[in-house]
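Overview (structure and organization)
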Amino acid sequence: MSAPFQIDFGPRRTPVVGIDLGTTNSLVAFMDLTGPAVIPGDDGDRLVPSVVHHGRSGEITVGNPARRLLITEPERTVYSVKRLMGRGVADVREELRLFPFRIAAGSESVIRLELGGRTLTPPEISASILRQLRKNAEAFLGEPVSQAVVTVPAYFNDAQRQATKDAGRIAGLEVLRLVNEPTAAALAYGLDKRKDGIVAVYDLGGGTFDISILKLHEGIFEVLATNGDTHLGGDDIDNLLLRIALEDIASEWGEDVSGDGVAVQLLRRAVVAAKERLSFVPVATIDLEYKGRVYQRELARPQFERLIVDIVDRTLGPCRHCLKDAQVAVEQIDEVVLVGGSTRIPLVRQAVENLFRARPHTELNPEEVVALGAAVQAGILMGAVEDKLLLDVTPLSLGIETMGGVVSKLIHRNSTIPASATEVFTTAVDGQRNVLIHVLQGERELVKDCRSLARFDLKDIEPLPAGMPRIEVRFLIDANGILSVTAREQRTGREQSVEVKPSYGLTDEQVEAMIRESYERAEEDIRERQTREARVEADRILGAVEKARLHDAWLELSDEEHGAVELALNELLMVYHSTDHLLIRAHIEKLNQATLKLAEVMMSGAVRSALKGTKL
Amino acid sequence: MSAPDYYWFLGLERKLDLDLEDLERRFYNLSRRLHPDRFARATATEQQAALENTAILNDAYRALRDPVSRAEYFLKAHGLELGEQESRKTPPELLEEVFELNMVLDEFRQGGAAARPQLEQAHRHLAALREEADAQLGRLFNEYDHAPDGKLLAAIRGLLNRRRYIRNLEAQVERELANVGALPD
């Protein structure tokens, strides 16, 4: 029998958190009884800058402290790593000129960065950020967190999604769902409560641009179409201003500082600050003081807008394509939602208003709205939110290579996921044992213009005359937008073995190895931290006992009691330098017990203050 | 692994003319029940089943929602495949128009901006032809649903081929116009 007023929350389950793994900043949020909320870090900041620093003794720093180290140790610090997720070196050659990334050899299918003497892939670096967010969540919620919903740009391809999932695995987080960022934002706004209708979500973040058009109906968020550019964002504005400032400096100082990592980082920070101020004031100054020299440049908003108008205009093409694919006229859009820090720029807002002829929603912080939506989705997966359901789409068409390098489309872009397609393959030569299927993503007709996703090798085909085997291959895109392939011999119904060779990204074995390595490192880290914490605790009690022994109360104890305290004190001193935190803790407790009487005696009057703040 | 019949899956009568609002309602209701989000903490087997079922639901909804793909699905179920080849052949009644269109396209490609209005005119004409085919398709659907007849299915197949031919021409003109960058995309 349950008592009156007792609420049954069902069996106790660990929380699922929502994570926005952003180009510039990352956030973690969770769903409590009142709704989604962002979890702050131990410095009180809700945004964790997506910056990772690898120190000389192997220690990893993430977030604000890492951002500070970006200035002093740029060669040991990495940021905007999201731009490299699921990519090969050829994809990012352009931006490497402006980012201080150092690429290691063998980066064709997975980029490898040199960072503080180690070689790391983007998923490993992202895993460090995820680990920090997880730590923040665990400290805040007071319980372990092992499952998460992680957001990705809607226009991320298969490899980029897989890389994000890999990052979760390396960080020891089970990624229950990848959610598209604009869709998450729509969830966070809870627009479904107001009415049914059509919503456009315009998401211009640090590194990526997405546009999604959704239909809302009784709690169902059905994405009609999505479009975007995974290489367009606030970073592009920063790089543009940075280039101009560098040229300015070259002519003013007669010296090119673009090869000087520290100068470039300081200048980058200065242009970002000026850019951000320009969203609120009409004129801002780019300020740099470096090695005794000063660079100052005033930037007025109209001038700033002339500089960035091309970048802003690049978002409009995808918007129009998206409307067309959704078969929605501009007039049918009921609401527009703005997401991403870059939508604070007045010119961007103006462009969105002009295009959609509607005043956009900005009630929620554009930097937090995606994380809040991820938390809502986490609530849906936990079963805590029952009235909402997301139906998302795949952003890119999926096809296979056919004769003459032509792509034959199997699943079209903007198909609701999960989605599947089945094709029957056969052999071309008598006795052929293998059939290789090349899968691509993209909208173009030719293989060379699409992005190679993977090669699937149908192996151990029964040797038969050409054309006899009939192998039914099923392509299945799951709710995360990730492809899997299964095959079956039609005649026998026998499962056909398929070997996957991803064109970009890590193999399962590589991810496993990274998990092991990070696990070992994490254990080392944890042990070291626990030992340090135990010693701090020991210092506190040792100091307190030292003081207490000089106190009158000490004289009130018996010789036996004195002896017990002395013994416990000496034992603690003996184990103090041990690396076994449990041993240290055990002796702290022993000393604590031995001094109970002493504490009792001291509890009277002013003596209390001598031991204030200790556990005595 | 062969997918179940889409009509059966959605609990629909096997008709060519469908009430789209009813179809959408069924799609939403089944989504609420089957979607993997509802099984995030279930066993791996249940999760896999949710994934498979929802994929079929989405494939079914996609196939039946659009009249053209619905007709293609329907014909296929009746053993009438749409031949790629068939839709490449120029329907006889369009021969003259296609001939003229090709002349305009040639002129346009050779940098004849003056040919643009003519090409736009051709584009509008093709769109009208396609809409006409759609309307005709609707009439055939209705006719078939009232009195199912193999001859009607053959007529639908012929119409689908004609429609596809027109649509390909339309897309070709759109690409040409867009290449010069003046057509709003």
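Residues numbered from 1 in each chain as written. Chains lettered and ligands numbered in written order. Predicted model: local features only at pLDDT ≥ 70, side-chain atom pairs only at ≥ 80, totals over all residues. Heavy atoms only, no water.

**Quick notes on the overall build of chain A**
So the rule is basically this: Helix and strand definitions here come from DSSP, where helices need a minimum of 4 consecutive H or I residues and strands a minimum of 2 consecutive E residues; each element is numbered from the N-terminal end. Buried means the residue's accessible area, taken with a 1.4 Å probe over protein chains only, is under 20% of the maximum for its type, while exposed means over 50%, and partly exposed covers the values in between. We call two residues in contact when some of their heavy atoms are within 4.5 Å. We count Lys and Arg on the positive side and Asp and Glu on the negative side, and we leave His and both chain ends out. Charged side chains are reduced to one point each, which is NZ for Lys, CZ for Arg, CG for Asp and CD for Glu.
When you go through chain A residue by residue, the secondary structure sums to 16 helices and 27 strands. Overall size of chain A, expressed as C-alpha extent along the three principal axes, is 95 × 70 × 60 Å. Counting across all 616 residues of chain A, residues that qualify as buried make up 55%. Long-range pairs, those at least 24 residues apart, make up 66% of the contacts in chain A between residues at least 6 apart in sequence. Counting 73 positive and 92 negative side-chain charges, chain A places the centres of these two groups 2 Å from one another.

**Observations concerning the overall build of chain B**
We apply this condition: The size measure is the radius of gyration over C-alpha atoms, and the globule rule it meets is 2.2 Å times the number of residues to the 0.38 power. Method for areas: the Shrake-Rupley scheme with a 1.4 Å probe, in which residue coverage is limited to the protein chains shown.
In terms of helices and strands, chain B carries seven helices and zero strands. For chain B, whose C-alpha radius of gyration is 21 Å, the value lies well above the compact-globule estimate of 16 Å for 185 residues. Projected onto the principal axes, the alpha-carbon positions of chain B cover approximately 65 × 40 × 30 Å. Counting over 185 residues, chain B shows a buried share of 43%. Intrachain contacts of chain B at a sequence separation of at least 6 include 68% that bridge at least 24 residues. When the accessible area of chain B is evaluated, it comes to approximately 10,300 Å², of which 51% is carbon and sulfur surface. Across chain B, the mean location of the 26 positive side-chain charges is 5 Å away from that of the 33 negative side-chain charges.

**Focus: the interface of chain B and chain A**
Put simply, an interface is often sized by how much accessible area is lost when its parts join up. For clarity, the cut-off: Values labelled buried area give the accessible surface lost by two parts on being combined, using a 1.4 Å probe and summing over both. Polar contact criterion, stated in full: a pair of N or O atoms within 3.5 Å, where within protein one must be able to donate a hydrogen and the other to accept it, and residues adjacent in sequence count only if both atoms are side-chain atoms. All residues other than Ala, Val, Leu, Ile, Met, Phe, Trp, Tyr, Cys, Pro, Asp, Glu, Lys and Arg, Gly among them, are scored as polar; the first ten of these are nonpolar and the last four charged.
Contacts between chain B and chain A engage 24 residues on the former and 36 residues on the latter. At the boundary of chain B with chain A, total buried surface from both sides reaches about 2,700 Å², with 49% on carbon and sulfur atoms. Our count for the contact surface shared by chain B and chain A stands at 12 residue pairs in polar contact (both at pLDDT 80 or more). Residue assignment for the side of chain B that touches chain A shows that the elements contributing at least two residues are α2 (20-34) and α3 (44-65) of chain B. For the side of chain B that touches chain A, the leading source of residues is α3 of chain B, giving 10 residues. In terms of residue class, the side of chain B that touches chain A is built from nine nonpolar, five polar and 10 charged.

**Overview of the packing of aromatic side chains**
The geometry of an aromatic ring pair is captured by two quantities: the separation of the ring centres and the angle between the planes. Residue and element names in this part refer to chain B. Our working definition: The criterion for an aromatic pair is that two Phe, Tyr or Trp rings (for Trp, the six-membered ring) have centres within 6.5 Å, with stacked assigned to planes under 30 degrees apart, edge-to-face to planes over 60 apart and tilted to the rest.
Across all of its chains, the model carries eight aromatic pairs over all chains by this definition. Both rings, one in F74 and one in Y144, keep their centres 5.6 Å apart while their planes meet at 85°; by these two values the pair is edge-to-face. Remark: Y144 occurs in helix α6 (residues 116-146) and F74 occurs in helix α4 (residues 67-77); sequence separation between them is 70 residues. The two residues F74 and Y144 agree in class, both being buried. By the ring-pair criterion, three or more aromatic residues cluster together here, those being Y6, Y7, Y73, F74 and Y144.

**Quick word on the pattern of salt bridges**
Inclusion rule: A carboxyl oxygen of Asp or Glu within 4 Å of a side-chain nitrogen of Lys or Arg is what we treat as a salt bridge.
Within this structure, the stated rule accounts for 44 salt bridges over all chains. Between K590 of chain A and E571 of chain A there is a salt bridge, with the nearest N and O atoms lying 2.6 Å from each other. Here the residue K590 of chain A occupies a position in helix α15 (residues 581-594), and E571 of chain A occupies one in helix α14 (residues 559-575), the gap between them amounting to 19 residues. Take K590 of chain A: its relative accessible area is 39%, and that puts it in the partly exposed class. In this structure, the salt-bridge partner of R62 of chain B is D59 of chain B, at a minimum N-O distance of 2.5 Å. Of this pair, R62 of chain B and D59 of chain B both sit in helix α3, three residues apart, which is roughly one turn of the helix. Taking relative accessible area as the criterion, R62 of chain B reaches 22% and is therefore assigned partly exposed. A relative accessible area of 8% means that D59 of chain B is categorised as buried.

**Considering the packing of helix α6 (residues 234-253) of chain A against helix α7 (residues 261-277) of chain A**
Residues and elements named next belong to chain A. Put simply, the rule is: Axis lines are fitted through C-alpha atoms, for helices just across the contact stretch, and the angle between N-to-C directions can take any value from 0 to 180 degrees. For this classification, under 35 degrees means roughly parallel, over 145 means roughly antiparallel, 65 to 115 means roughly perpendicular, and everything else is oblique. Crossing handedness follows the turn of the near helix against the far one: under a right angle anticlockwise gives a left-handed crossing, and clockwise gives a right-handed one.
Remark: α6 packs on α7, axes separated minimally by 9 Å, with the N-to-C direction vectors making an angle of 120°. Classified by the angle between their axes, α6 and α7 sit oblique to one another. You can see that α6 and α7 cross each other, and the crossing is right-handed. Across the interface between the two elements, G234, I237, D238, N239, L241, L242, A245, L246 and I249 of α6 pack against V264, L267, R268, V271, V272 and K275 of α7.

**What about the side chain of H54 of chain A?**
Assignment of secondary structure puts H54 of chain A in strand β5 (residues 51-54). Residue class for H54 of chain A comes out buried when judged on its relative accessible area of 3%.

**Section: unusual backbone geometry**
Residues and elements named next belong to chain A. At the junction of I417 and P418, the peptide bond is cis and its omega measures out at 0° in the coordinates. By the element assignment, P418 lies in the loop between β20 (406-411) and β21 (419-425). The phi dihedral of S80 is positive, around 50°, even though this residue is not glycine. Checked against the element boundaries, S80 lands in the loop between β7 (77-79) and α2 (93-96). Its relative accessible area of 4% is what places S80 among the buried residues. Even without a glycine there, the phi angle at N414 is positive, about 65°. Tracing the sequence through the fold places N414 in the loop between β20 and β21. N414 gets classed as buried once you look at its relative accessible area, which sits at 13%.

**Points about the confidence of the model for chain A**
The predicted structure's coordinates, where accompanied by low pLDDT, should not be read in detail. Filter applied, for reference: For every residue, the pLDDT score states the predictor's confidence, bounded by 0 at the bottom and 100 at the top.
Put simply, chain A has an average pLDDT of 87, and 93% of its residues get 70 or more. Here residues 1-12 of chain A is a poorly scored stretch, pLDDT under 50, and it has two contacts once near neighbours within four places are set aside; other chains count.

**Observations concerning the pairing of strand β16 (residues 293-300) of chain A**
Residues and elements named next belong to chain A. Put simply, the rule is: Each pair of strands is called paired provided DSSP finds at least two bridges between the two strands.
The pairing of strand β15 (residues 283-290) with β16 spans eight bridges and is classified as antiparallel. The partner of L288 across the bridge, within β16, is Y295. Counting the residues in the hairpin turn of β15 and β16 gives two residues, including K291, whose phi is positive at 45°.

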